[in-house]
Amino acid sequence: MRGGMKNDGDGDGVAARYRRLFPEEEDVVVTAAAGDDDSRLEELGYKQELSRSLSALANFAVTFSIISVMTGLSTTYDTGLTYGGPVTMVYGWPFVGLMTLFVGLSMAEICSAYPTSGGLYFWSARLCGAHWGPFAAWITGWLVIWFGPQKCHVFIDPQKSNFSHIDNQFSDCDTPYVNIPVSHLPRLSHCLFNPFATQVFGDQSSSPSIVSLFCEMGAEQMDLPSHNGKGGGVDTGTARLQELGYKQELKRDLSVLSNFAFSFSIISVLTGITTLYNTGLTYGGPAVMLYGWLVVGFLTMFVGFSMAEICSSYPTSGGLYYWSAKLAGPSWAPFASWITGWFNIVGQWAVTTSVDFSLAQLIQVIILLSTGGKNGGGYEASKYVVIAFHGAILFMHASLNSLPIAWLSFFGQLAAAWNIVGVFVLMILVPLVAKERASAKYVFTYFNKDNGDGITNSFYIIVLGLLMSQYTLSGYDASAHMTEETKQADKNGPKGIISAIGISILVGWGYILGITFAVKDIPYLLNSDNDAGGYAIAEIFYLAFKSRFGTGVGGIFCLGIVGVAIFFCGMSSVTSNSRMAYAFSRDGAMPFSSFWHKVNKQEVPINAVWGSVAVSFCMALTSLGSLVAFQAMVSIATIGLYIAYALPIFFRVTLARKSFVRGPYHLGRYSLVVGWIAVLWVLTISVLFSLPVAYPVSVDNLNYTPVAVGGLLFLIASSWIFSARKWFKGPITNIDT
């Protein structure tokens, strides 16, 4: 490599060449234009001597071949069998893979800044500064040569490279992200722990993240002024918001990672799967849960893809109702906006009610098990204590959401990390601790028909078993509602939606798989006379540790992990609620709109935050009178919310089929096909989840979902006919476009 470090007598020449690696601080910023790889190499002090002909695929192939899973697994399979066997190998692989991904993300970021064949040792030299650079390069280089081949060389497509992560002036460059740009990877540990690195990389807080890898398809640019690469340094989300007729009133401080984190935290596989695991066990058991999750996840992705495409074109906090107004056309806009908005906001209130109430119930179970369990004289909280827990949780969530958005961004990212790490901990720990584990055949093939509800038809049982999956995979519209606070929201909002769903599908399936290996006796787990009072997952955790150690304390600790995840889920849900209420009231759709629309000095819609919490608490009060009424109320959380998801997609594939103006993210020629699949899936689940859940049908077991959703539709339509149609004109701009 040119400019080597050996002492060949030309000390001054070597020193001069080496000093070139460490320019003065003001010269550190990269100035190479996007796509000019030779210039970037020259800035680093090297000639272009090797033939630059590798594509991104060819570069990937070199590293992938060196990793070679066939080689590694085949040669060390004996080790896996010796130390832990199948369980350790199956669960250890995704855990190690996740941790290794963090190493890869950090290396990829540095590689993007210093694309030289020297790789690791060159990076060490640059990142440690002039004083420590020689020693760092020396030790790193010899370790790399001695212990193995380098795995990160120049992996930039010569036609499509992008250095926008170095200088924000290139963030809106005309070159679309056709390949997977490493500039989208999150900034990790070296920026936190290496003081020299901050001088080189600068402030990267606004950089996109790994979640962008899930939605690069169709990432082309549109002809709107905000997306033509001539924004003059103005954030594309802000520019697009102004084009749509709105002032920038909220603080735009969220990165794509933060945007993703809000949706991912609301989906919260730990929340949805844990609270509805009883339903999954009752209707179909392991087989329906495992395969149903994948089927529902696959079809939910179609809904997410369609929503992401629309979000890219209309990145406003109003989200769904604004999309409906724009897509339905002038004649239908007010009514379309009205019905979509009310289904959306009531559905969100129901989600918050349901999530926080489930946390209150989990706290009740934790207290019960901590005091001896149901069979050991444990304390069983009354419904009044549970509602008090619910009120306290809502109060904490409102308080947190009163903080500036920077704090919520931090908590949102913490919540996403907690959900991912929590799933891996539980899916590995619980089956490992359990003395008795289910066989693989049982987990992957057992179909439970013994539901005790008089339902024997296999297809009917499968349909009801899907509710757990579909209830969990909802709430990802949060990414849309946070777009007015997200940087480059026309690009990052869609990424947040797609990545939240995609990662949730993978993580959730692993959680179901791991926990189900600890299932042996379904009727006992569902029996209300067990120690956890019939709370299946709590009983699984409790029994696993009690059978191994003679005490269920470890199981209670595991429930605490789930409890924290549910708490974060509720917090993010309130955030999404408040932004929807803020936007809906900004357009005059809510009673006392001017009050709910107010923003405080920290640019937080404070009244909308506390108003949303108050409504959610009132909805929960129905549980004091009748759990049936409460279940009817929260059933809107799934069906009502998905109706709101489907309406703008329906308008997109019908009324706006030819007039829709695409944003940076779009589905290309597949847009209409994907949209119709999404609409038909929502229509299907709306019918299926309204069917009776027990036979013979009685007042006590009636499925009140169609009653609740139908009642909401009646109220929305009536208010439109008798009042709103006379004064509500749809979204109202507050600046001249």
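What this report covers is the structure whose coordinates are included nearby.

The rules behind each value
- Residues numbered from 1 in each chain as written.
- Predicted model: local features only at pLDDT ≥ 70, side-chain atom pairs only at ≥ 80, totals over all residues.
- Heavy atoms only, no water.
- Salt bridge = Lys/Arg side-chain N within 4 Å of Asp/Glu carboxyl O.
- Helix = DSSP H or I, 4+ residues; strand = E, 2+ residues; numbered from the N terminus.
- Buried < 20%, exposed > 50% of the residue type's maximum accessible area, 1.4 Å probe, protein only.
- Phe/Tyr/Trp six-rings, centres within 6.5 Å; stacked < 30°, edge-to-face > 60°.
- Expected span 1.5 Å × (residues − 1).
- Bend = angle between axes of the 7 residues up to and from the residue.
- Contact = heavy atoms within 4.5 Å.
- Patch = residues over 30% accessible without salt bridge, like charges linked within 9 Å, V, L, I, M, F, W, Y side chains within 5 Å.
- Areas by Shrake-Rupley, 256 points an atom, 1.4 Å probe, with all protein chains shown as cover.
- Axes fitted to C-alpha atoms, helices over the stretch in contact; angles between N-to-C directions.
- Parallel < 35°, antiparallel > 145°, perpendicular 65-115°, else oblique.
- Left-handed = near helix turned anticlockwise from the far one by under 90°.

As for the pattern of salt bridges
Opposite charge on two side chains permits pairing when their charged atoms draw close.
Turning to step 1, where the next piece is worked out: Evaluation of the coordinates by the stated rule reveals four salt bridges.
Turning to step 2, where the next piece is worked out: A salt bridge links Arg652 to Glu309, with the nearest nitrogen and oxygen atoms 3.7 Å apart. Of this pair, Arg652 sits in helix α29 (residues 639–653) while Glu309 sits in helix α13 (residues 286–313), and the two are 343 residues apart along the sequence. For the pair formed by Arg652 and Glu309, the shared burial category is buried.
Turning to step 3, where the next piece is worked out: Its salt-bridge partner being Arg579, residue Glu485 comes within 2.9 Å of it at the nearest N-O pair. Here Glu485 is found in the loop between α20 (478–481) and α21 (489–516), whereas its partner Arg579 is found in helix α24 (residues 553–586), with 94 residues between them in sequence. Grouping residues by exposure puts Glu485 and Arg579 together as buried.

A short note on the packing of aromatic side chains
Turning to step 1, where the next piece is worked out: In total, this model carries 26 aromatic pairs according to the counting rule given.
Turning to step 2, where the next piece is worked out: One aromatic cluster is present, formed by Tyr321, Phe335, Trp338, Trp342, Phe584, Trp720, Trp727 and Phe728 through successive ring pairs.

Let's talk about α13
Turning to step 1, where the next piece is worked out: Taking 1.5 Å as the rise per residue, α13 with 28 residues should run 40 Å; its terminal C-alpha atoms sit 41 Å apart, in good agreement.
Turning to step 2, where the next piece is worked out: At Gly292, α13 is bent by approximately 30°, the largest bend along its length.
Turning to step 3, where the next piece is worked out: Summarising burial for α13: 24 of the 28 residues are buried, a large majority.

Some points on the side chain of Glu309
Turning to step 1, where the next piece is worked out: According to the relative accessible area criterion, Glu309 is buried, its value standing at 1%.
Turning to step 2, where the next piece is worked out: In this view, Glu309 contacts Arg652, Phe660, Tyr665, His666, Leu667, Gly668 and Ser671; residues no more than four positions away in its chain are not counted.

Section: unusual backbone geometry
Across residues other than glycine, the phi torsion is negative in most instances, and most of the peptide bonds are trans.
Turning to step 1, where the next piece is worked out: In this structure, Pro696 follows Tyr695 across a cis peptide bond, with omega equal to -5°.
Turning to step 2, where the next piece is worked out: Take Pro696: it is sitting in the loop between α30 (671–688) and α31 (705–727).

Points about a nonpolar patch on the surface
Turning to step 1, where the next piece is worked out: The grouping of Trp132, Phe135, Trp138, Ile139, Trp142 and Leu143 at the surface amounts to a nonpolar patch, some 710 Å² of accessible area in total.
Turning to step 2, where the next piece is worked out: Relative to the assigned elements, Trp138 resides in helix α6 (residues 120–147).
Turning to step 3, where the next piece is worked out: By relative accessible area, which is 53% here, Trp138 ends up exposed.

Quick word on the packing of α29 against α30
Turning to step 1, where the next piece is worked out: α30 packs onto α29 with a crossing angle of 150° between their chain directions and a minimal axis gap of 9 Å. With respect to their mutual orientation, α29 and α30 come out roughly antiparallel. As for how α29 packs across α30, the hand of that crossing is left-handed. Across from Ile639, Tyr642, Ile643, Ala646, Ile649, Phe650, Arg652 and Val653 in α29, the residues of α30 making contact are Ser671, Leu672, Gly675, Trp676, Ala678, Val679, Val682, Ile685 and Ser686.

Limitation: the analysis is restricted to geometry and does not speak to function.
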